[in-house]
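Residues per chain are reported as follows:
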Amino acid sequence: MTKKIQSALISVFYKDGLEPVVQQLHKQGITIYSTGGTQSFIEKLGIPVVPVENLTTYPSILGGRVKTLHPSVFGGILGRRDNETDLQEMKQYNIPELDLVIVDLYPFEETVASTSEEKLIIEKIDIGGPSMIRAAAKNFRDLVVIAAKSEYAHLEQLLKDQQGTTTIEQRRAFAAKAFEIVAHYDVAIAKYFNPENALYFVESIPNPKTMRYGENPHQTGVFYGNLEQLFDQLNGKELSYNNLVDVDAAVQLISEFEGGGNPTFAIIKHTNVCGIASRSTVKETWDAALAGDPESAFGGVLVCNGTIDKATAEAINEIFFEVLIAPSYNEDALTILKSKKNRILLQQKAPFTKAEEYKSVLNGVLVQGADKGNYVEWKEVGGRDTTATEKDDLAFANLVCKHLKSNAIALVKNKQLIGKGCGQTSRIDSLRQAIEKANQFKFDLNGAVLASDAFFPFNDCVQMSHAAGIVAFIQPGGSVRDKDSIEYCQQNKLAMVMTAMRHFKH
């Protein structure tokens, strides 16, 4: 739905970059309304401008605090052009239709940065600007809203290219940007009045959940979110702060194995996977996952992408765990699992993945795209190609390794994690830890495969792995000494795959 701009309201603090826009509006015969310093700026260009006071019949008052807050202005912005009642009322009260609103905001953040005098700071809290921007953005079906000088050039080009017309998609995009600008502005003001609170971006979430405590009993904790969108809680106490952290890790991990055929079961402890396997039945999958590290499973968070049946429930019921997550449960399984009143049972409504991840650092927040995917390429560089079984195990191991804290090593055999090393300051130490775990639980490493979340800086890892019985490796590559590990594999007929996709997890 295209709209032709015939009138514009301009009231801005920053005039730089505005002149070409005003010239283009004048060239196209668009009526311009303005006030204050913006009006004077346009008049000095020799371009006709209608003072806003002509609409409101009131001058700018209270030292400029009130000048555009008037029905004649907001009626022209909010009036719906497809609503006959709105149009009749606008005609009755001589309210002109406004098709373009160019309004920016007083420089609040800049003022805070330049002075500590509160009187000056308070005067830079814009009232009319955010109100007009929000009104115009709300009525984007009929109006274009420009809320920052960074958009002036875009608007000028649009006016030239489309002769003053805009599409609904363009107006919606401008509105989205406008709401972002106003939201950021309001957060900056809130931060000034309450500088101790760093979580402004989440405090708009309704009904945040206060935890009993945070990561430790002496720490406070609050969850901002809606768990009911993701889970039905079928049993147990309230999720704790640490439970939520591990539940997040669990659902991120299990999402990697959706649509993989056989069910997958995983055990999470302190966000690291300590047991995971895929088998033909859920019960067999559980048994294999638990066997990977039965000691660490104590008090863990369990997650499965298959239905929990009675046989599996009976086996799970033998150990202590905090949380079990699954897409569905048989009734007889629930009867068994609910025997412990504090045991948390979650039924996950749908697979869940994140688009972005956030981390509080220093006096700010880091934002990054989620680590999605397994490998970019599958490049066989070893002394032989991988077998079909090895390829399946390597792909499985790489996904598991992706969810371990760096430096990370995962040892897998027949789609079962049989050893892992994580959180070590050197890769060789992680490997030692992984081999030790496998030996502790009597796994035969002959024929096993290894995944590394990052490149091997030296060939010591492949040498140690080879000595333990490991026959195939998967790693992203990228070391200046990649050839050392590759040559060792070639000389000893070991398979090695390079993926060109690193999976660091700090």
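The preceding data block contains the structure.
These lines cover the structure that appears in this document, whether it is placed above or below. Just so it is clear, the structure is predicted and the values come from calculations on it, not from any experiment.

### Details of a nonpolar patch on the surface
- A cluster of nonpolar side chains, namely Tyr-358, Val-365 and Val-367, defines an oily patch on the protein surface of about 290 Å² accessible area.
- With respect to the element layout, Val-365 can be found in strand β17 (residues 364-369).

### Quick word on unusual backbone geometry
- Cis peptide bonds are those with omega within 30 degrees of zero, and the linkage from Ser-406 to Asn-407 qualifies with -10°.
- Turning to its location among the elements, Asn-407 is positioned in the loop between α15 (388-402) and β19 (409-412).
- Even without being a glycine, Gln-163 presents a positive backbone phi close to 50°.
- Along the chain, Gln-163 falls in the loop between α9 (152-162) and β7 (165-166).
- Its identity is not glycine, yet Ala-500 carries a phi of approximately 60°, on the positive side.
- Tracing the sequence through the fold places Ala-500 in the segment after β23 (495-498).

### Focus on the environment of Ala-137
- Among the structural elements, Ala-137 can be located in helix α8 (residues 128-138).
- Accessibility expressed as a relative area gives 0% for Ala-137, which makes it buried.
- Separated by 87 residues in the primary sequence, Ala-137 and Val-50 place their C-alpha atoms 23 Å from one another.
- Setting aside anything within four residues of it in sequence, one finds Ala-137 in contact with Val-145, Ala-175, Ala-178 and Phe-179.

### Description of the sheet that holds strand β4 (residues 50-51)
- Spatial ordering of the open sheet is given by β4-β3-β2-β5-β6, a layout of 5 strands whose pairing is parallel. Lying at the two open borders of the sheet, with one neighbouring strand each, are β4 and β6 (144-146).
- Where strand β2 (residues 7-11) and strand β3 (residues 31-34) come together, 4 bridges link them in parallel fashion. Residue Leu-9 lies in a different strand from β3, and its bridge partner there is Tyr-33.
- Relative to β3, helix α2 (residues 36-44) is tilted by about 140°, and along the sheet it contacts β2, β3 and β4.

### Observations regarding the packing of helix α17 (residues 460-468) against helix α18 (residues 482-491)
- Viewed as axis vectors pointing N to C, α17 and α18 meet at an angle of 25°, and their least axial separation amounts to 8 Å. Taken together, α17 and α18 sit at an angle that is classed as roughly parallel. Here Val-462, Gln-463 and His-466 of α17 lie close against α18, whose contacting residues are Ser-485, Tyr-488 and Cys-489.
- Across the contact of α17 with α18, the residue classes break down as 3 nonpolar, 3 polar and no charged.

### Focus on the pattern of salt bridges
- According to the stated counting rule, one finds 20 salt bridges in the structure shown.
- Its salt-bridge partner being Asp-248, residue Lys-354 comes within 3.1 Å of it at the nearest N-O pair. Placement of Lys-354 in the loop between β15 (344-348) and β16 (356-361) and of Asp-248 in helix α11 (residues 241-254) is noted, with a sequence separation of 106 residues between them.
- A relative accessible area of 24% means that Lys-354 is categorised as partly exposed.
- Counted as one network, the salt bridges with shared partners bring together Arg-81, Glu-97 and Asp-99.

### Re the packing of aromatic side chains
- On inspection of all chains with the given rule, the structure shows 10 aromatic pairs.
- When the centroid spacing of 6.3 Å and the interplanar angle of 70° are considered together, the rings of Phe-108 and Tyr-185 count as edge-to-face. In this pair, Phe-108 is assigned in helix α6 (residues 108-114) and Tyr-185 in helix α10 (residues 168-193), connecting sequence segments 77 residues apart. Per residue, the accessibility class of Phe-108 equals that of Tyr-185, and both read buried.

### Quick look at α11
- Counted at 1.5 Å a residue, the expected span for α11 with its 14 residues is 20 Å, and the 20 Å between its end C-alpha atoms agrees.
- The buried fraction of α11 amounts to 10 of the 14 residues, a majority that puts the element mostly inside the structure.
- Burial in α11 covers these residues: Asn-243, Leu-244, Asp-246, Val-247, Ala-249, Ala-250, Val-251, Gln-252, Leu-253 and Ile-254.

### Some remarks on the packing of helix α16 (residues 427-440) against α17
- Two elements in contact, α16 and α17, have axes whose closest approach is 10 Å; the angle formed by their N-to-C orientations is 15°. Overall, the two elements α16 and α17 adopt an arrangement that is roughly parallel. Note on packing geometry: the crossing formed by α16 with α17 is right-handed. Seen from α16, the contacting residues are Arg-427, Ile-428, Leu-431, Arg-432 and Ile-435; seen from α17, they are Asp-460, Cys-461, Met-464, Ser-465 and Ala-468.

### Here's the deal with the sheet that holds strand β21 (residues 449-452)
- If you trace the 6 strands from one edge of the open sheet to the other, you get β18-β23-β22-β21-β19-β20, paired in mixed fashion. In this open sheet, the two strands that pair with only one neighbour each are β18 (379-380) and β20 (417-421).
- Where β19 meets β20, 4 bridges bridge the pair, whose relative direction is antiparallel. Its bridge partner being in β20, Ala-410 is matched across the sheet by Lys-420.
- Together, β19, β20, β21, β22 (472-475) and β23 form the strand contacts of α15, whose direction differs from that of β21 by roughly 35°.
- The strands touched by α18 within the sheet are β22 and β23, with β23 carrying the most contacts at an inclination of about 150°.

Quick notes on the rules
- Residues numbered from 1 in each chain as written.
- Predicted model: local features only at pLDDT ≥ 70, side-chain atom pairs only at ≥ 80, totals over all residues.
- Heavy atoms only, no water.
- Patch = residues over 30% accessible without salt bridge, like charges linked within 9 Å, V, L, I, M, F, W, Y side chains within 5 Å.
- Areas by Shrake-Rupley, 256 points an atom, 1.4 Å probe, with all protein chains shown as cover.
- Salt bridge = Lys/Arg side-chain N within 4 Å of Asp/Glu carboxyl O.
- Helix = DSSP H or I, 4+ residues; strand = E, 2+ residues; numbered from the N terminus.
- Buried < 20%, exposed > 50% of the residue type's maximum accessible area, 1.4 Å probe, protein only.
- Contact = heavy atoms within 4.5 Å.
- Pairing = 2+ DSSP bridges.
- Axes fitted to C-alpha atoms, helices over the stretch in contact; angles between N-to-C directions.
- Parallel < 35°, antiparallel > 145°, perpendicular 65-115°, else oblique.
- Nonpolar A, V, L, I, M, F, W, Y, C, P; charged D, E, K, R; others polar.
- Phe/Tyr/Trp six-rings, centres within 6.5 Å; stacked < 30°, edge-to-face > 60°.
- Expected span 1.5 Å × (residues − 1).
- Left-handed = near helix turned anticlockwise from the far one by under 90°.

Just geometry here; none of it tells us what the structure is for.
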